[in-house]
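Residue-level listing of the chains:
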Amino acid sequence: MTKLGSFSASVLVLLVWRMGEVAEACSCSPAHPQQAYCNADVVLRAKVIGQKQVVTGNDNYGNPIKRIQYDIKQIKMYKGPKEEIDVIFTGDSSAVCGVNLESSGQKEYLITGKLESDGTTHVTLCDFIEPWQSLSITQKKGLESRYDMGCQCRIVRCPSVPCEVNHPMECLWTDWIVESTVYGPQAQNYACIQRSDSSCAWYRGAVPPKKDFMDTEDP
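Parameters and conventions
- Along every chain, residues carry numbers that run from 1 in the direction the sequence is written.
- Per-residue local features are limited, in this predicted model, to residues with pLDDT of at least 70; the limit for side-chain atom pairs, both in listing and counting, is 80 or more; totals at the level of whole chains, interfaces and linings are taken over all residues.
- Side-chain metrics in this entry use all non-hydrogen atoms of the structure; hydrogen atoms and water are not considered.
- Strand pairing is assigned whenever DSSP identifies at least 2 bridges connecting the two strands.
- Counting from the N terminus, the helices are the DSSP runs of H or I reaching at least four residues and the strands are the DSSP runs of E reaching at least two.
- Relative accessibility decides the category of a residue: with a 1.4 Å probe and only protein chains considered, values under 20% of the type maximum give buried, values over 50% give exposed, and everything between is partly exposed.
- UniProt positions are given in the numbering used here, feature names are shortened, and annotations may be inferred rather than shown by experiment.
- Between two residues, a contact is recorded if the distance between any of their heavy atoms is within 4.5 Å.

**Topic: the pairing of strand β4 (residues 108-115)**
Taken together, the 6 bridges between strand β1 (residues 42-58) and β4 define a ladder with antiparallel strand orientation. Residue pairing in the sheet places A46 in a bridge with Y109 of β4. Bridging between β4 and strand β5 (residues 121-122) involves 2 bridges; their strand directions are antiparallel. From the neighbouring strand, L115 faces β5, where its bridge partner is T121. Between β4 and the antiparallel strand that follows it, β5, lie 5 residues; G119 among them carries a positive phi value of about 90°.

**Considerations on the pairing of strand β3 (residues 87-91)**
In terms of burial, β3 is a largely internal element, 4 of the 5 residues being buried. Judged from the 5 bridges that link them, strand β2 (residues 64-79) and β3 form a sheet pairing that is antiparallel. When the sheet's bridge partners are listed, D71 is paired in β3 with V87. Where β3 meets β5, 2 bridges bridge the pair, whose relative direction is parallel.

**Considerations on the UniProt feature "site: Involved in metalloproteinase-binding" (unreviewed entry) in the protein chain**
When the UniProt feature table is mapped onto this chain numbering, "site: Involved in metalloproteinase-binding" (unreviewed entry) sits at N39 and K66. With respect to the helices, strands and loops of the structure, N39 is situated in helix α2 (residues 33-39). If we ignore the near neighbours within four places in the chain, the residues touching N39 are K79 and K114. Under the relative-accessibility criterion, K66 is labelled partly exposed at 40%.

What follows is the structure in structure tokens.
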């Protein structure tokens, strides 16, 4: 092989490696809305009223790190700091898990995200971010207190049969198997809540659960 051919092959290998690196950078497993709530630092309802691209530093190669800054109008904070949040940040493309939000101020969103060391809020495609009007009544109720009641529990996703829980504090999430969709009835209408005996079970209903309740109880 000539020097030119060897150089070209090396460049090709580097490009393929970097492309694979980017492709893998936004890999994440689906999360039940309750899991998204429990794992998030910030959970809020807001309108997006503006956006712009900003540079927030440089990477290890000296290249500028670009992000999208969304200006938001906070409507309600369900989980997070006491101070009102008026700005959130995300990657500048879906390749780096950037989230594309409508910034006309007309649409309300449920936004979950992480607090960074500098106090700013960062969101990604791996977070649970949905138009407010698309949420079920149960999901909205869950944000008020029910999801928080189950943060000690563990929701186990069932990607294929057979699957089972291995601990009393686990709830089996079967939407993908039963409904062929991630956000099926269990995601829309159920919360995994700890019972008086410390075990966890799915709960469905529009009122707070009783002290003792059976799986899938619907008062």
